[in-house]
Amino acid sequence: MVVAATLWAVGAVMLAAILARQAADPGGQYGFDFATYHRASAEMLSGRSPYAPEMFRAPVPAQGPGAQVYKYPPVFAEALTPLAVLPLPQAQLAWLLLQTMLVVAGVWLAGSAGGLAATPERLLWSGVAATWYLPIFDTLWKGNVSGLLAFMVGLGALLGLRAGAAAGLAALIKGTTLTLVPMALLAPGSARRGLAIAAGLGIVSLLIAPGAWLDYAAVLPNLVAGSAAFPTNLAPDALVSQHGPDAIRWLAGPIRLVTVALGVGFLLAGCRAARATQLWPLALTCGVAAMLLLPSSIWYHYLALLLPVAALAWSRATAGGRIAMVASGALVSAALAWLPLAVLGAAGMLAASLSSLRPQRLSGE
């Protein structure tokens, strides 16, 4: 406990100092993404569309066009209304603190769902993991939504009504998390009721702001058609095309096909596993894997969702599996020095988690 408390305190102080420095720097990108959400929420509060005019005219690049523009379904901007009435600096701080708590809570809930005992020591190590796993820092620094989605993964690990509600709410917040919805639809028990609750909230959002939803339907094809060719894109094909030698860049197309095929395979495997209650952890992990593989762009903060997955698998992992998870997580954090390390680390975390959650281990064999 002393070691864990020390590591958490040291990491928290270091990262808080970095965040404070970035917040003081006009070019430091502190709250960069949240500022977009805040603006979109304020627009909806004033009865206007949250979507920029240029999004209706042409394909929207994955990091554009131009200044940051809101790209998520209207329901997320509506949910942020309590923060939209605050000045941006106070709203950014509130969002930072909220997401910090949500990330730790998501790791805690996933560990509990995996069978770990509820002890003060585990709480400390959950904090250590959330502090030193740098995709979490990335999402807190820029203020994007991955911390909230990591919480949804942790909540979804709890089965039943909570799993369905978490899957549905995650899909309402960000479309790429739709990969979790088929698992919740097929899961036994009350997961479908949770999905129905989330769908009801979506209908309420539609009734409150039908124009915003019509606008979202209009810009969605442009979002899908937009270019993802950016140096910070972690999708394997993008890494090859952006960072690979000229002689191998032709491989980007075939690599993209393989990546999509893997994503579809994980989606189908998750749907199959979801039918058995004891295999729900495996189904959820497959859904997260599909969510990372199917989109054309993978940003570093997306990997925040792998932390609750690792917590879910931790109690069932062998000593070697746990070492692999920790080493892979360290690789992901080291990717700030060399970006391709993130792909290797994410693949290692997924592989170790899936191995620990395979049917033979879940059934105790």
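So, a few notes on the structure that sits alongside this text. (Residues numbered from 1 in each chain as written. Predicted model: local features only at pLDDT ≥ 70, side-chain atom pairs only at ≥ 80, totals over all residues. Heavy atoms only, no water.)

## Structural notes on the packing of aromatic side chains
- Scanning the model with the defined rule gives 13 aromatic pairs in all.
- Where Tyr51 meets Tyr70, the ring centres are 5.7 Å apart and the plane angle is 40°; that geometry is what we call tilted. In this pair, Tyr51 sits in the loop between α2 (32–45) and α3 (74–79) while Tyr70 sits in the loop between α2 and α3, placing the two residues 19 residues apart along the sequence. Per residue, the accessibility class of Tyr51 equals that of Tyr70, and both read buried.
- Taking 6.0 Å as the distance between ring centres and 20° as the angle between the ring planes, the aromatic pair formed by Phe137 and Trp141 counts as stacked. Linking Phe137 with Trp141, this pair stays in helix α7 (residues 134–142), spanning 4 residues, or about one helical turn. Residue Phe137 shares its accessibility class with Trp141, and that shared class is buried.
- Here a set of aromatic residues connected by ring pairs shows up, and it is made of Phe34, Tyr37, Tyr51, Tyr70, Tyr72, Phe76, Trp95, Trp213 and Tyr216. (Phe/Tyr/Trp six-rings, centres within 6.5 Å; stacked < 30°, edge-to-face > 60°. Helix = DSSP H or I, 4+ residues; strand = E, 2+ residues; numbered from the N terminus. Buried < 20%, exposed > 50% of the residue type's maximum accessible area, 1.4 Å probe, protein only.)

## Some thoughts on the side chain of Thr177
- By the element assignment, Thr177 lies in the loop between α9 (160–173) and α10 (181–186).
- Judged by relative accessible area, which is 2%, Thr177 ranks as buried.
- At a separation of 2.6 Å, a polar atom in the side chain of Thr177 contacts the main-chain carbonyl oxygen of Ala170.
- Within the structure, the side chain of Thr177 is placed 2.5 Å from the backbone oxygen of Lys174, a separation counted as a polar contact.
- Discounting chain neighbours no more than four positions away, the residues touching Thr177 are Leu149, Ala170, Ala171 and Met291. (Polar contact = N/O pair within 3.5 Å; in protein donor to acceptor, adjacent residues only side chain to side chain. Contact = heavy atoms within 4.5 Å.)

## Topic: the packing of helix α14 (residues 252–274) against helix α15 (residues 280–293)
- Their axes nearest at 8 Å, the elements α14 and α15 cross at an angle of 160°. By the angle class used here, α14 and α15 are roughly antiparallel. Two packed elements cross with a definite hand, and for α14 against α15 that hand is left-handed. Contacts between α14 and α15 pair Arg256, Thr259, Leu262, Gly263, Phe266, Leu267, Ala269, Gly270, Ala273 and Ala274 from the former with Trp280, Leu282, Ala283, Cys286, Ala289, Ala290 and Leu293 from the latter. (Axes fitted to C-alpha atoms, helices over the stretch in contact; angles between N-to-C directions. Parallel < 35°, antiparallel > 145°, perpendicular 65-115°, else oblique. Left-handed = near helix turned anticlockwise from the far one by under 90°.)

## Some words on the nonpolar core
- In terms of nonpolar packing, the biggest core is built from 108 residues, with Phe76, Leu303 and Leu306 touching the most fellow members.
- Beyond its immediate stretch of four places on either side in the chain, Phe76 contacts Tyr37, Tyr70, Trp95, Val145, Leu148 and Ile173. (Core = buried A, V, L, I, M, F, W, Y, C linked by side-chain atoms within 4.5 Å.)

## A few points about the packing of helix α17 (residues 319–334) against helix α18 (residues 340–356)
- Between α17 and α18, whose axes approach to 7 Å, the crossing angle comes to 160°. Classed by the angle they form, the pair α17 and α18 counts as roughly antiparallel. Considering how the two elements wind past one another, α17 and α18 form a crossing that is left-handed. For the pair formed by α17 and α18, the contact residues are Gly321, Ala324, Met325, Ser328, Gly329, Leu331, Val332 and Ala334 on the first element and Leu341, Ala342, Leu344, Gly345, Ala346, Gly348, Met349, Ala352, Ser353 and Ser356 on the second.
- Of the residues that constitute the contact of α17 with α18, the class distribution is 11 nonpolar, 7 polar and no charged. (Nonpolar A, V, L, I, M, F, W, Y, C, P; charged D, E, K, R; others polar.)

## Describing a nonpolar patch on the surface
- On the surface, a nonpolar cluster with roughly 540 Å² of combined accessible area is contributed by Val3, Leu7, Val10, Met14, Trp125 and Trp132.
- Within the residue set of the nonpolar patch, elements represented by two or more residues are α1 (2–24) and α6 (120–132).
- By residue number, the principal contributor to the nonpolar patch is α1, which donates 4 residues.
- Tracing the backbone through its elements, the reader meets Trp132 in helix α6.
- Of the residues examined, Trp132 reaches a relative accessible area of 38% and is grouped as partly exposed. (Patch = residues over 30% accessible without salt bridge, like charges linked within 9 Å, V, L, I, M, F, W, Y side chains within 5 Å. Areas by Shrake-Rupley, 256 points an atom, 1.4 Å probe, with all protein chains shown as cover. Salt bridge = Lys/Arg side-chain N within 4 Å of Asp/Glu carboxyl O.)

## Looking at unusual backbone geometry
- Despite not being glycine, Gln29 shows a phi value in the positive range, around 60°.
- In this fold, Gln29 is placed in the loop between α1 and α2.
- At Leu159, a residue that is not glycine, the phi angle is positive and equals roughly 70°.

## As for the pattern of salt bridges
- What the rule picks out here adds up to 3 salt bridges.
- Asp138 is paired through a salt bridge with Lys142; the nearest N and O atoms lie 3.2 Å apart. Residue Asp138 and its partner Lys142 are both found in helix α7; the two are separated by 4 residues, about one turn of the helix. For the pair formed by Asp138 and Lys142, the shared burial category is buried.
- With a shortest N-O distance of 3.6 Å, Asp246 and Arg249 are connected by a salt bridge.

Limitation: the analysis is restricted to geometry and does not speak to function.
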